[in-house]
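Chains, contacts and geometry: an overview
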Amino acid sequence: MARVLADHCDLYNAALQERREAWRMQRVSVSYGQQSAQLREIRAADPGGQGRHSFTAQQQTLRRLNTVFAAYFQRVRDAEHDRQRARSNGEKPKERRVGYPRFKPSQRFDQVLFVAGDGAKWEPADDGRWAHASFQAVGRVKVRQHRAVVGRVKTLQLKREHRRWYVIVVTDAEAVPLPPTGRSVGVDVGVARFLTTSDGHIVANPRFLDAAHEAIADLQRRKQRTRPGSGNRRRIRRRLARQWRKVRNKRRDFHHKTARALVDTCDTLALEALRVDAMTASASGTRDQPGRNVAQKAGLNRSILDVGWAQFTSILTAKAESAGRRVVRVNPSHTSVTCHTCGTRCTRPRQDTVVCPTHGMLDADLNGARNIATRAGLGSGQAPAA
Ligand SMILES: [Zn+2]
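All values reported here derive from a predicted model rather than from experimental measurement. (Residues numbered from 1 in each chain as written. Predicted model: local features only at pLDDT ≥ 70, side-chain atom pairs only at ≥ 80, totals over all residues. Heavy atoms only, no water.)

Remarks on the confidence of the model for the chain
Per-chain confidence: the chain averages 87 in pLDDT, with 90% of residues scoring 70 or above. Looking over the chain, one finds the lowest element-wise mean pLDDT in helix α7 (residues 276-284), namely 44, and the highest in strand β1 (residues 111-115), namely 97. Under a pLDDT of 50 for its full length, residues 277-297 has, in the predicted model, 15 contacts with residues more than four places off or in other chains. (pLDDT = per-residue confidence, 0-100. Helix = DSSP H or I, 4+ residues; strand = E, 2+ residues; numbered from the N terminus. Contact = heavy atoms within 4.5 Å.)

Focus: the pattern of salt bridges
Taken as a whole and assessed by the stated rule, the structure comprises 16 salt bridges. A salt bridge links R183 to D199, with the nearest nitrogen and oxygen atoms 2.8 Å apart. Here D199 lies in the loop between β8 (195-197) and β9 (202-203) and R183 lies in the loop between β6 (164-172) and β7 (184-189), a separation of 16 residues in the sequence. Each member of the pair, R183 as well as D199, is classed as buried. (Salt bridge = Lys/Arg side-chain N within 4 Å of Asp/Glu carboxyl O. Buried < 20%, exposed > 50% of the residue type's maximum accessible area, 1.4 Å probe, protein only.)

What about the coordination of the zinc ion?
Distances from the zinc ion to its protein donors, namely C339 (SG), C342 (SG), C356 (SG) and H359 (ND1), fall within the range 2.1 to 2.3 Å. Taken together, the 4 donor atoms coordinating the zinc ion span angles of 104 to 114 degrees at the metal, a pattern that classifies the geometry as tetrahedral. Positions of the donor residues of the zinc ion along the chain correspond to the pattern C-x2-C-x13-C-x2-H. Relative accessible area serves as the criterion here: at 36%, H359 is assigned to the partly exposed category. (Donors = N, O, S within 2.8 Å, 3.2 Å for Na, K, Ca; no water. Tetrahedral: all angles 85-135°; square planar, octahedral: opposite > 155°, others 65-115°.)

Some details on the packing of aromatic side chains
Across all of its chains, the model carries 10 aromatic pairs by this definition. Relative to Y72, the ring of F69 lies with its centre 6.4 Å away and its plane at 85 degrees, an arrangement referred to as edge-to-face. Within this pair, F69 and its partner Y72 are both found in helix α4 (residues 55-88), separated by 3 residues, close to a single helical turn. Accessibility classification places F69 together with Y72 in one group, the buried group. Plain terms: the ring middles of Y72 and F73 are 5.4 Å apart, the flat faces sit at 50 degrees to each other, and that makes the pair tilted. Using a relative accessible area of 13% as the deciding quantity, one classes Y72 as buried. For F73, a relative accessible area of 34% gives the class partly exposed. Linked through ring pairs, F69, Y72, F73 and Y100 together constitute an aromatic cluster. Sitting over the ring of F69, R19 keeps its end group 4.7 Å from the ring centre. Across the ring face of F109, the terminal group of R64 is positioned such that the distance to the ring centre comes to 4.6 Å. (Phe/Tyr/Trp six-rings, centres within 6.5 Å; stacked < 30°, edge-to-face > 60°. Lys NZ or Arg CZ within 6 Å of the ring centre and 35° of its normal.)

A look at the sheet that holds β6
On the basis of which strands lie adjacent, the open sheet formed by 3 strands has the order β1-β5-β6 and antiparallel pairing. Looking at the sheet topology across the chains shown, the edges are occupied by β1 and β6. Direction aside, neighbouring strands of the sheet carry axes that sit 20 degrees apart on average. In this sheet, strand β5 (residues 152-161) lies alongside β1 in antiparallel orientation, the contact comprising 5 bridges. Within β5, the residue paired with F114 across the bridge is L156. (Pairing = 2+ DSSP bridges. Axes fitted to C-alpha atoms, helices over the stretch in contact; angles between N-to-C directions.)

Some remarks on the environment of S333
Looking at where S333 falls in the secondary structure, it is placed in the loop between β11 (326-330) and β12 (347-350). Note: C-alpha distance between S333 and N89 (244 residues apart in sequence) is 26 Å.

Focus on the packing of helix α6 (residues 231-265) against helix α9 (residues 309-322)
The description of two packed helices rests on the angle between their axes and on the distance between the axes. Two numbers describe how α6 lies on α9: the axes approach to 9 Å, and their chain directions differ by 40 degrees. Here α9 runs oblique to α6, going by the angle between their axes. Viewed along their axes, α6 and α9 form a crossing whose handedness is right-handed. Judged by residue contacts, R251, R252, H255, H256, T258, A259, R260, L262 and V263 of α6 engage Q311, F312, I315, L316, K319 and A320 from α9. Split into classes, the residues belonging to the contact of α6 with α9 amount to 7 nonpolar, 4 polar and 4 charged. (Parallel < 35°, antiparallel > 145°, perpendicular 65-115°, else oblique. Left-handed = near helix turned anticlockwise from the far one by under 90°. Nonpolar A, V, L, I, M, F, W, Y, C, P; charged D, E, K, R; others polar.)

This is the structure in structure tokens:
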């Protein structure tokens, strides 16, 4: 498996090299199609190396590089667009360098995607036994299956994470609609609480993150006291990786359970269209112009990341889709500080409370959830009177 990753890494870097040289010497860009067309020749010339591997998996690796380049060209266009806008506003354009895609060191190249039925095969676990995955140039390996694989298997991703290996199985599954429930809510995701629904349900932030962060901060301090390259440092780094893995797994599990409960009990879910990356980037500012509230916002940003909003919404959306439920995204501006009853702008004396001149103190998150429900056209989103 290590050999598969290493050979795919070579292929990736060689393809990157070709694109670089072609651009540097002749100003031409090389497409995925052109690189893919060379695969047959590359394989024939290297039967003991590249020739051993799955052809379609190699195509996936070339596609991955193509995606990296597409994102790079997009960043170049965005930077140019920003410069033009600054000039037309009479401002001095900001110096912004867009990094060219880089070579990947083989220890950082950690995944290969296989097309099921073409160089890879999945055999599910039957009652308590091991599942098996077979990969071209590797053979059949035992896999501990974490949950049932539903639907037609499309791809198998072979992935290395430190010293562990994973197989990620992607399937095409038919949506199985759940029976209607008559409940439709707005959902506000916050920092103090994980989420609040417009009909008053509250899901608290999981406590395990606090404990885990103390352990991680402690290990990070200890790592800093060790000598670079020492065995001690390596051991601590491994323990750090293990801690992070535990946090990630627990958090993902928490997201799955919370999303499951919402999808099972609601016909329509309204959410804010939030961009977490924008929220976290703004506090730190740029290197030349550090954000004014860096220290103050660092804690808040960490909390936002902890909440893992992006991961949660993607899990929630996927579950909703496969259950035939509806998810509505609404404009997020001022949802918590607009009084839900009269629409007046409220003051916010504390993070968790807003005050309407007419309706008095309101729970900021609940008020936000009700505004989200209204904006999604769900009426008030509150529970009907009994
Ligand atoms: Zn009011």
